[in-house]
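Observations on the model geometry
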Amino acid sequence: VQLQASGGGLVQAGGSLRLSCAASGRTFSSYTMGWFRQAPGKEREFVAAVRRSLGTTYYADSVKGRFTISRDNAKNTVYLQINSLKPEDTAVYHCAAALGVILPMIRIPSSYDYWGQGTQVTVSS
């Protein structure tokens, strides 16, 4: 699976962006999809995930209520709608795919098998 993230940019605090992650291959619906972010000098952190089967979603506490993850299996694409952006949301956002991940591990980067190159989100105050 190859992943291509897009949609990042420079926005003012309070603004919105919609990130997209397009996946190659015919088995997209078999993967749990996740978004992670990494700010300069910090470790990569979990943002959100959507399971492969029921489409159940999970969020980091820091983004709950502001971010929405969704997937369109017909388009092999996962989205991250981010609203009410804050300067601390500034980071490179990566999408990732996991073929088999148990729920306790869904927030762990090493649980994911494939990664996109990332898209930069910069929020100005």
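To be clear, the structure that these remarks concern was listed above.
Everything in this summary refers to the structure shown in the same document. (Residues numbered from 1 in each chain as written. Predicted model: local features only at pLDDT ≥ 70, side-chain atom pairs only at ≥ 80, totals over all residues. Heavy atoms only, no water.)

This paragraph deals with the overall build of the chain. Secondary structure assignment for the chain yields zero helices and 11 strands. Secondary structure elements of the chain, listed N to C terminal, follow the sequence β-β-β-β-β-β-β-β-β-β-β. For the chain, whose C-alpha radius of gyration is 13 Å, the value lies close to the compact-globule estimate of 14 Å for 125 residues. Each of the 125 residues in the chain was classed as buried or not, and the buried ones make up 44%. Taking contacts inside the chain between residues at least 6 apart in sequence as the whole, the part at least 24 apart equals 59%. (Helix = DSSP H or I, 4+ residues; strand = E, 2+ residues; numbered from the N terminus. Rg over C-alpha atoms; globule rule 2.2 N^0.38 Å. Buried < 20%, exposed > 50% of the residue type's maximum accessible area, 1.4 Å probe, protein only. Contact = heavy atoms within 4.5 Å.)

The subject of this paragraph is the state of the cysteines. The full count for this structure, using the stated rule, is one disulfide. The disulfide that involves C21 links it to C95, with 2.0 Å between the sulfurs. Its S-S torsion of about 60° marks the bond between C21 and C95 as right-handed, since a negative value means left-handed. With C21 in strand β3 (residues 17-23) and C95 in strand β9 (residues 91-98), this pair connects stretches of sequence that are 74 residues apart. (Disulfide = S-S within 2.5 Å.)

Core analysis: the largest hydrophobic core is formed by 39 residues, its most contacted members being M33, W35, L80 and Y93. In terms of residues, this core owes the most to one element, β9, which gives six residues. (Core = buried A, V, L, I, M, F, W, Y, C linked by side-chain atoms within 4.5 Å.)

Right, let's get into the packing of aromatic side chains. A full pass over the atoms with the stated rule returns five aromatic pairs. Ring geometry for F36 versus Y112: centroids 5.1 Å apart, planes at 80°, classification edge-to-face. Of this pair, F36 sits in strand β4 (residues 32-38) while Y112 sits in the loop between β9 and β10 (114-115), and the two are 76 residues apart along the sequence. By the burial criterion, F36 is buried, and Y112 matches it. Each ring, one from F36 and one from W115, has its centre 5.1 Å from the other, and the planes form 55°; the classification is tilted. With a gap of 79 residues between them, F36 in strand β4 and W115 in strand β10 connect regions that are remote in the sequence. According to the relative accessible area criterion, F36 is buried, its value standing at 0%. Residue W115 is classed as partly exposed on the basis of its relative accessible area, which comes to 28%. Among the aromatic side chains, those forming a connected cluster through ring pairs are F36, F46, Y112 and W115. R18 extends its terminal NZ or CZ atom over the ring of Y79, reaching a point 3.9 Å from the ring centre. Geometry around W115 places R44 over its ring, the cationic atom sitting 4.6 Å from the centre. (Phe/Tyr/Trp six-rings, centres within 6.5 Å; stacked < 30°, edge-to-face > 60°. Lys NZ or Arg CZ within 6 Å of the ring centre and 35° of its normal.)

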